[in-house]
Each structure stands twice: as structure tokens, then as C-alpha cells.
Amino acid sequence: MTAKPYTIGVLTSGGDAPGMNPCIRAIVRTGIARGARVVGISNGYEGLINGEFRELGARDVGGILLRGGTILQTKRSLAFREPRGQREAIRKMNEFGIDGLAIIGGDGSLTGALALHRQEVKVVGIPGSIDNDIWGTNISIGVDTAMNTIMDAVDKLRDTASSHGRAFLVETMGRGSGYLAVMAGIVSGAEIVLIPETTVTIEDIATAVENTYKRGKTHAFIINAEGSGIKTNELAQALEDLDVGFQTRVTILGHIQRGGSPTAYDRLLASRMGVKAVDALLNGISGVMTGLKGRGIDYVPLEEVVATKREVNMEYYEMVSLLAQ
Ligand code: F6P
């Protein structure tokens, strides 16, 4: 009699992030190569509760390396936050013979992974979120693609901004974290960045924009993280009213930042983390997240990941105005 192969369940949860598909591909192909079965779970934890399972073969993940989004689809599940939903999910896993889970998602998804680990389910988390607010990894899957999307948008807006001598307010995602706004501010040469981690007044912003005009610039870029506390349209109106030298225009990037083909960096990160997640499960390691540390991918305890938030490095925030002189 041959032993039953180890069965890995893989799901994506929370907001999607470019690179989730390359990660699914890596998990499926590594799992199969190591003699395991891999089952795709649709719709995140919701699908786990409802038993939305299908076995994935190596060919089922063909052609997804370059696709944004997630072929497994994703959800933010309210039912799974309750003990009842978690109990039901564990029952479905057992019925289907799933031995361990690879969970790709952001902080909420990793909190769910920890809840399962505490109930003795074998789990490995993989950080996937454009916000880069997950503790225990230098960078999460999706961040690089999102940042490139913002940079491309600002590069294009700069042409028209300079031609008309305008100030542009560009709103980025990140309801609780300014990472994307700060880093995008550096790579796109923004003059001002507004983030949830700092408090500035409209008057301060108006003065900074006016100074930009006085320094002879033909445009000004203000990158406003959606969670900064300053409403982009209201700020635009205030700057018009205060007459800062430039006319103002607004671009809200929204979910454009979550889509698109993953960059080379994200494909590589996602592939490396997918392989390491499978290796963890097959070696009996549970309750950890794959995290990029230095040159390698480490295992970071989920307890630690969930207890801490990855904060923006304020040195980079200062760098925005330094380099915009
Ligand atoms: O957490 C990722 C994220 O894209 C945030 O930056 C953003 O605030 C939020 O998700 C948007 O969520 P939804 O897709 O549900 O509108």
C-alpha cells in the first residue's frame, strides 16, 4: 500500500496583489515536484468554510506567471473571524484531507492563519499586500508592481503638469500606511508626500507648494496616501483658493495600483516565497510566515508578525523634500 501524499491547500485572501499568481504557480509546481498534492481553495477563507476546493496540476498554473490578480479569487471573510467559521473551515479541511495550508495575503489574512495555527492546523503565511505594512519581511509581494504603476502615472502626469504649470495631487492607496506614498514620492520626484503617520495642516502644504513655485519649478507633485486624513479634492480646492502660484488638478489612482502584470521583482519574490512555503509545510514547520531578510527568505513566527506593524522609515519621508529642492 502506498502512503497518501501530503495535501497542501493554497488560498489567497484580502486585497489582491500583483504576484499572487506567480506564488500560486510556485506552490503548485514545487508541491507536485516534491510528491505532494496541491488543492486550490477559491475565495479565500470564505471558500475554505464552503469547501470550494479543486486539485491543481502543473498545467493548471501555466501562463499565470505574468498575470495580475489571483486565479483563486480572493475575499475578505467576516464569517472566518468568528470561532464558528474557523471550526467549519477546519472541518472542511479534514473532510477533504488537506494536511497543511499556504495562505497568501495581508495582515488580516495572516491573523486568520495564526488563529488556525493556534487550533493545531499546519499553516504557512506568505505576505501579499501592496501596502508593505507587514512585519517580518523587507517587502511584500505586490509592492514593487504597485510602486512602478504609481511611478509610471506620475511620469505621465509630469508632462502635462509642466506644460501647463500646474500642481497635481495624486492619491495613492494605503489606508493605514504611508509606505507606498513615500517610496513612490522618492522614485517619481514628488515635492510633498502626505501620509497617515504625520500631521500637516493645509496651510503648511500651501506654503510648501508656493515655495516650489518661487524656486522656479514648472510643476508641483503632492502625493497623498488615502489614509493621510486630508481629503484630496478638498485640498485641491483649498490650494486654488489660497492662490499658491499653480492651478491644481487631481488624479486618484485607486485600484489601478492593485492590477497589472507583476514586475520581475515581484515574480521573483513570489516564486522564492512559494518554494519556501512548500518546504516549510513538508518539513513540518507551521505557524510561520516567509519573510525576505537580507539576501534570503526566512521563517518568521506568525505570533511576531501579527503583534507588530511594519512602520514607514521616516528617513525616507524626509528624503522626499530633500531631493525635491
Ligand atoms: O490593503 C490593500 C489595499 O489596497 C489598501 O491600500 C486599500 O486601502 C484597500 O486595500 C482597498 O480595499 P478594497 O479593495 O476593498 O477597496
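Caption draft 1: Main features of the site of the ligand. The ligand sits among Arg76, Asp131, Met173, Gly174, Arg175, Glu226, His255 and Arg258. Between the ligand and arginine 76 there is a distance of 2.5 Å, counted from an oxygen atom to a side-chain nitrogen or oxygen. Within the side chain of aspartate 131, an N or O atom sits 2.6 Å from an oxygen atom of the ligand. Contact with the protein chains hides 77% of the accessible area of the ligand, taken as 400 Å² for the molecule alone. Spatially, the ligand is embedded in the largest pocket. Considering only residue class, the shell around the ligand consists of 1 nonpolar, 2 polar and 5 charged.

Caption draft 2: Summary view of the domain arrangement of the chain. According to the domain assignment, the chain consists of domain 1 (7-142 + 262-307) and domain 2 (144-258). Domain 1 and domain 2 are separated by 34 Å when their C-alpha centres are compared. Buried area between domain 1 and domain 2, summed over both chains or domains, comes out near 1,200 Å², and the portion from carbon and sulfur atoms is 51%. Contact with domain 2 buries area across many residues of domain 1, yet Ile130, Asp131 and Thr263 alone supply 41% of it, more than any other trio.

Caption draft 3: Structural view of the sheet that holds strand β10 (residues 288-293). Strand order in the open sheet formed by 7 strands is β3-β2-β1-β4-β5-β10-β11, and the pairing between neighbours is mixed. In this open sheet, the two edge strands, each paired with only one partner strand, are β3 (53-55) and β11 (296-301). Sheet twist, expressed as the mean angle between neighbouring strand axes with direction ignored, is 30°. The pairing of strand β4 (residues 100-105) with strand β5 (residues 122-127) spans 6 bridges and is classified as parallel. For glycine 100, the partnering residue across the bridge sits in β5 and is lysine 122. Each of β1 (7-12), β2 (37-41), β4 and β5 is contacted by helix α1 (residues 20-33), which is oriented at about 160° to β4, the strand it contacts most. Where helix α9 (residues 264-282) meets the sheet, its contacts fall on β1, β4, β5, β10 and β11, and the angle it forms with β5 comes to roughly 170°.

Caption draft 4: Geometry of the packing of helix α7 (residues 202-214) against helix α8 (residues 232-242). Put simply, α7 and α8 touch, their axes get as near as 10 Å, and they point 60° apart. Judged on the interaxial angle alone, α8 and α7 are oblique. Between α7 and α8 the crossing geometry is right-handed. Seen from α7, the contacting residues are Ile202, Ile205, Ala206 and Val209; seen from α8, they are Leu235, Ala238, Leu239 and Leu242. By residue class, the composition of the contact of α7 with α8 is 8 nonpolar, no polar and no charged.

Caption draft 5: Fine view of the side chain of threonine 232. With respect to the element layout, threonine 232 can be found in helix α8. A distance of 3.0 Å separates polar atoms of two side chains, one belonging to threonine 232 and the other to asparagine 224. Apart from residues no more than four positions distant in its own chain, threonine 232 is found in contact with Leu169, Glu171, Asn224 and Val250.

Caption draft 6: Seen up close, the layout of surface pockets. By volume, the largest pocket is sized at about 620 Å³. Along the walls of the largest pocket sit 30 residues, with Gly14, Gly15, Arg76, Asp107 and Arg175 positioned nearest its centre. Top element by residues in the lining of the largest pocket is helix α4 (residues 107-118). It accounts for 6 residues. In this structure, the second largest pocket encloses a volume near 300 Å³. Glu191, Ile192, Val193, Ala208 and Ser321 are, among the 15 residues lining the second largest pocket, the residues nearest its centre. Counting residues per element, the ones that place at least two in the lining of the second largest pocket are β7 (192-194), α7 and α11 (314-323). Tallied by class, the residues present in the lining of the second largest pocket amount to 9 nonpolar, 3 polar and 3 charged.

How each quantity is defined
Residues numbered from 1 in each chain as written. Predicted model: local features only at pLDDT ≥ 70, side-chain atom pairs only at ≥ 80, totals over all residues. Heavy atoms only, no water. Near = heavy atom within 4 Å. Polar contact = N/O pair within 3.5 Å; in protein donor to acceptor, adjacent residues only side chain to side chain. Areas by Shrake-Rupley, 256 points an atom, 1.4 Å probe, with all protein chains shown as cover. 1 Å grid on protein atoms, 1.4 Å probe; cavity = no way out; pocket = protein on both sides within 12 Å on 5 of 7 lines; lining within 4 Å. Sits in = over half its atoms within 2 Å of the grid points. Nonpolar A, V, L, I, M, F, W, Y, C, P; charged D, E, K, R; others polar. Domains from an automatic or database assignment. Buried area = accessible area lost by both parts, 1.4 Å probe. Pairing = 2+ DSSP bridges. Helix = DSSP H or I, 4+ residues; strand = E, 2+ residues; numbered from the N terminus. Axes fitted to C-alpha atoms, helices over the stretch in contact; angles between N-to-C directions. Contact = heavy atoms within 4.5 Å. Parallel < 35°, antiparallel > 145°, perpendicular 65-115°, else oblique. Left-handed = near helix turned anticlockwise from the far one by under 90°. Points joined across faces, edges and corners; volume = space filled by probe spheres on them.

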